[in-house]
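# Overview (structure and organization)
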Amino acid sequence: MSADVVLYLGDKTPRELGMRVLRESQRPIAPPSVDNIVSIPNMHGAYDFGAYLGPRQMPLECALVAHNSVELQKLVSGLAAYLIGPDGKPKTMPLIFRNQPDRQYYVRYSGDLQINRTVGLGLFTLPFTAYDPFAYSVESTSDLLTWDTDYTWSDDFSWADDYSFNFNGPGTVQINNFGKLNIEPVVEVTGSFSTLSLTIGGVVFAYISPMSGTLIIDFKRRTARIGTQNVLQNTNANFGKLPPGTSDLVVGGTNLNVTINVVFNAKYLA
């Protein structure tokens, strides 16, 4: 049989699960839209208030291959245990396709899983759904530019890109969001300051209290923490987004002596 369509499912290859993922598997170009429209009686058409993207259905056509029905049942049991956590809930796991090894989707089993058995062969459709419908780079900016990365010279980032910076005063640095969509990074600030401001995507995030230690600002979850302590009350709670391509990170504040790490996985539609 030819190589599997899927390179990794979670931390295992299909072969490690005794499974083959066939070419008939579905991989939609884009997720379905969720349209916000209002229809008015006696009016043609509808008012269009824009749209969002819904969950992405990613059913995989699979085969479990064994020598006999006993071995097949062992593979079935092993796959069920792999898809379902010890709490009895389906697990979310990364799905990486062989023809795009630098990107991953986060999927979980969702639906009904029937199997057609013939002696040592089991054929089934694995109903995966990516409730976050986007693809993300396998490598984050914290480990991107190492010699064992999956990225090549032809990818969208520059090998000169940096995501860690030292500041002893206000300054501006360039951040390359090498994905195709806006991204909300995690910014790690280590050191000390009296006040701090970070301008990302034209939005100013301000921390207005003296800090010494490591401050973790999660722009996606809109949180600010020092260790396990929630310090969001010391901020203006304004969180920007990094647009695709190169943009400025403007750092301001007083008594700055910090190292700033900008951590994210690039985001793609497909």
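Structural data are supplied above this passage.
### A word on the side chain of Ser247
In this fold, Ser247 is placed in strand 21 (residues 245–254). Dropping the residues within four chain positions of it, Ser247 is found in contact with Val173, Gln174, Ile175 and Leu242.

### Things to note about the packing of aromatic side chains
For the structure on display, the rule yields eight aromatic pairs. For the ring pair Phe193 and Tyr207, a centre distance of 5.6 Å and an interplane angle of 85 degrees mean the geometry is edge-to-face. Placement of the pair is Phe193 in strand 15 (residues 186–193) and Tyr207 in strand 17 (residues 203–207), with a sequence separation of 14 residues. The exposure class assigned to Tyr207 is buried, which follows from its relative accessible area of 2%. Ring centres of Phe205 and Phe219 lie 5.9 Å apart, and the angle between their planes is 45 degrees; on these two criteria the pair is classed as tilted. Of the two residues, Phe205 is situated in strand 17 and Phe219 in the loop between strand 18 (211–218) and strand 19 (223–226); the sequence distance between them amounts to 14 residues. The residues Phe205 and Phe219 share a single accessibility class, namely buried. Linked through ring pairs, Tyr163, Phe178 and Phe264 together constitute an aromatic cluster. If you follow Arg27 out to its NZ or CZ, it ends over the ring of Phe97, 4.2 Å from the centre. In this structure, Lys91 packs its charged tip against the face of Tyr82, placed 5.0 Å from the ring centre.

### Thoughts on the environment of Pro133
Tracing the backbone shows Pro133 in the loop between strand 11 (128–130) and strand 12 (135–137). When the C-alpha atoms of Pro133 and Val107 are compared, they prove to be 8.9 Å apart, with 26 residues separating the residues in sequence. In this view, Pro133 contacts Pro31, Leu53, Gly54, Arg56, Tyr105 and Leu269; residues no more than four positions away in its chain are not counted.

### So, the environment of Gly253
For Gly253, the position within the fold is in strand 21. Accessibility expressed as a relative area gives 30% for Gly253, which makes it partly exposed. With 84 residues separating them in the primary sequence, Gly253 and Gly169 have C-alpha atoms 7.4 Å apart.

### Considering the sheet that holds strand 2 (residues 19–21)
Read across the sheet, four strands follow the order 2-6-10-9 without closing on themselves; strand pairing throughout is antiparallel. The strands lining the two open edges of the sheet, one partner per strand, are strand 2 and strand 9 (116–118). Each adjacent strand pair in this sheet contributes to an overall mean axis angle of 20 degrees, direction not counted. Note that strand 9 and strand 10 (residues 121–126) share three bridges and pair antiparallel. Within strand 10, the position partnered with Arg117 by the bridge is Gly122. Helix 1 (residues 69–83) rests against strand 2, strand 6 (60–65), strand 9 and strand 10 of the sheet, and its axis sits at about 135 degrees to strand 6.

### Quick notes on the sheet that holds strand 13 (residues 164–167)
Here six strands make up an open sheet; going across it, the order is 13-22-15-18-19-20 and the pairing antiparallel. Each having just a single partner strand, strand 13 and strand 20 (229–230) make up the two edges of the open sheet. Sheet topology places strand 18 next to strand 19; four bridges connect them, and they run antiparallel. Following the sheet pairing, Ile216 is matched in strand 19 by Arg225.

So, how was this worked out
- Sequence order as written defines residue numbering, which begins from 1 separately in each chain.
- Per-residue local features are limited, in this predicted model, to residues with pLDDT of at least 70; the limit for side-chain atom pairs, both in listing and counting, is 80 or more; totals at the level of whole chains, interfaces and linings are taken over all residues.
- To obtain the side-chain values, all non-hydrogen atoms of the structure were included, while hydrogens and water were left out.
- Starting at the N terminus, helices and strands are each numbered in turn, a helix being any DSSP run of H or I of at least four residues and a strand any DSSP run of E of at least two.
- Contacts are assigned to residue pairs that have any heavy atoms within 4.5 Å of one another.
- For Phe, Tyr and Trp, rings pair up if their centres lie within 6.5 Å, where Trp contributes its six-membered ring, and each pair is then called stacked (planes under 30 degrees apart), edge-to-face (over 60) or tilted (otherwise).
- Classification of residues uses two cut-offs on accessible area relative to the type maximum, computed with a 1.4 Å probe and protein chains only: under 20% is buried, over 50% is exposed, and between them is partly exposed.
- Remark: a charge is flagged as sitting over a ring if the NZ atom of Lys or the CZ atom of Arg is within 6 Å of the ring centre and within 35 degrees of the ring normal.
- Note: two strands are recorded as paired if DSSP finds a minimum of 2 bridges between them.
- Helix axes use the C-alpha atoms of the stretch in contact, all axes being lines fitted to C-alpha atoms, and the angles between their N-to-C directions lie in the range 0 to 180 degrees.

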